[in-house]
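The primary structure of each chain is shown beneath.
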Amino acid sequence: MTSLAAPGFDEARVRERARLGAGAVFPHPGGYGNTVFGQDPTAAAGDEIDELRLVPPVFVPGRLTRLFELGEEPMPGDVLLDTAVGGFASPYPLYVSAFGSTDVSASGLSAALSRQAGVLGIPMVIGENLVPTAGLGRLGERTRGALLGRIEAYLSGAGAHGGVVVQQSTQDADAEVWNVVYSDPTATALLDQGRLAFELKVGQGAKPGLGGQTLLRREQAAGLADRFTLAELYEPGTDAVLRCATPGTFTEEILAQQIRLMRNNYPRCRIWVKLPPGRDVSRATEICWGAGADAVTVDGAEGGTGWAPAAFLQHVGLPLAECLARVDPRGRDLLVSGRILDGARAAKCLALGARAVGLGRAALVAVDEDPRHGLVRLIEAMALELRLIASALGKYDIADLDRDDLWSPRTRGTPAGLARQYEGASPSMENMEAGR
């Protein structure tokens, strides 16, 4: 394939990992014996998370504990990566981020990606606005990239781990996406195994405050004019119309009630909520957890998308580092995404409080490079890096990473600039209601 482009993203590095797998974690073996390696001072840091350094200690009592358990010196392969991600058992602290109705995700990539995510046993999110645009995909009406087709592809390679998360925006409610999926035979196996979740999409990192936006061909747009706002932006004769979905209007009580309704109406599902990188993200996560959400996903401003205004990509939304600084998970499932492509950035996000990290552009690019094994190889490389990093830190369960494992050049120490303001955290809805 190799037809997908990802400007501003380290596409070449992801493609190399999709080809070589864990071997890409080290330099090319052809350089051994005739090359000496060291830090590249010309490598520019991308953001505040990239600037952080992981700092192993000299004294590692955790390694001694693991030595006693094993009866021998522990190795990186002894690091446990298994993680409960939003109520699903996953062999890695990873999930596949939402892909919705853009042509990129609705192409043949979606089925290949879904199948590999199933093989890996990691949770996969199916994005919003898919049913109105690409169709549900029931037997006899299969549409390329349709929702049920993605679920079937996931199940074709799935074992006992992972799960499928079906996202719905406010506008999707008219198509009754969750109702249809909840009652469709395709999802029965997932429901029976407790491996189906519904995610309420409040917003996303690449375009916070806006609903889903994508381009449609004129013929396709004509059939959706009664459900979406269409905008003519391009010169006459261009076969492209902008489709705009509504973001939904939320207050604290509306959001809490939405989550309660989800729990009431779909008792066999896990409940996820996806938040944009808003300035009140701390309060929003507390509302979600207080109302009973199993997981809250926060998309940093670095998150990718299939279509968005350039000004939003460059200037709108909090960086992921700031979101992690403002949110206090306190043992609850905080999932984050935003330019994750290697084990080092993933480990930093985990140390800053995330339970798991999402792969968006990296997953698509890897599958574009190799539709059969690209995502599997990419995650093999990330898993090796996570194990090497955790072992170097003297920790043998990935959940044990914390802020003491990080150093910030801005503060010349533990990243105080990313410190959470726990004392100022807003009370949860649960606590608020208990005090009424």
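Calculation criteria
- Residues numbered from 1 in each chain as written.
- Predicted model: local features only at pLDDT ≥ 70, side-chain atom pairs only at ≥ 80, totals over all residues.
- Heavy atoms only, no water.
- UniProt positions renumbered as here; feature names shortened; annotations may be inferred.
- Helix = DSSP H or I, 4+ residues; strand = E, 2+ residues; numbered from the N terminus.
- Polar contact = N/O pair within 3.5 Å; in protein donor to acceptor, adjacent residues only side chain to side chain.
- Contact = heavy atoms within 4.5 Å.
- Core = buried A, V, L, I, M, F, W, Y, C linked by side-chain atoms within 4.5 Å.
- Buried < 20%, exposed > 50% of the residue type's maximum accessible area, 1.4 Å probe, protein only.
- Salt bridge = Lys/Arg side-chain N within 4 Å of Asp/Glu carboxyl O.
- Pairing = 2+ DSSP bridges.
- Axes fitted to C-alpha atoms, helices over the stretch in contact; angles between N-to-C directions.

Per an unreviewed UniProt entry, the protein chain goes by Glutamate synthase and derives from Actinoplanes campanulatus. Turning to the protein chain, the UniProt annotation filed under Sequence similarities (unreviewed entry) states: "Belongs to the glutamate synthase family."

(A) Seen up close, the side chain of Arg-66. Its location among the elements puts Arg-66 in helix H3 (residues 61–70). There is a polar contact of 3.3 Å between the side chain of Arg-66 and the backbone oxygen of Asp-78. Each residue touching Arg-66, except ones within four places of it in the same chain, is listed here: Pro-74, Asp-78, Leu-80 and Tyr-396.

(B) The nonpolar core, seen in detail. Within the largest apolar cluster, 96 residues are counted, with the highest numbers of intra-cluster contacts made by Val-166 and Leu-375. Among the elements that line this core, the one with the most residues is helix H17 (residues 374–392), at nine residues. Not counting chain neighbours up to four residues away, the residues in contact with Val-166 comprise Ile-126, Leu-147, Ile-151, Val-177, Trp-178, Val-181, Leu-196, Ala-197, Phe-198 and Glu-199.

(C) Layout of the pattern of salt bridges. For the coordinates displayed, the defined rule picks out 27 salt bridges. A salt bridge links Glu-11 to Arg-15, with the shortest nitrogen-to-oxygen separation between them at 2.9 Å. Residue Glu-11 and its partner Arg-15 are located together in helix H1 (residues 11–20), separated by four residues, close to a single helical turn. A salt bridge links Asp-50 to Arg-345, with the nearest nitrogen and oxygen atoms 3.0 Å apart.

(D) Structural context of the sheet that holds strand E7 (residues 196–201). Within the closed barrel, the eight strands sit side by side as E4-E5-E6-E7-E11-E12-E13-E14. Their pairing is parallel. Adjacent strand axes in the sheet meet at a mean angle of 25° when their direction is disregarded. As judged from the four bridges shared by strand E11 (residues 270–275) and strand E12 (residues 295–299), these two strands associate in the parallel manner. Bridging from a neighbouring strand, Val-273 pairs with Val-296 of E12.

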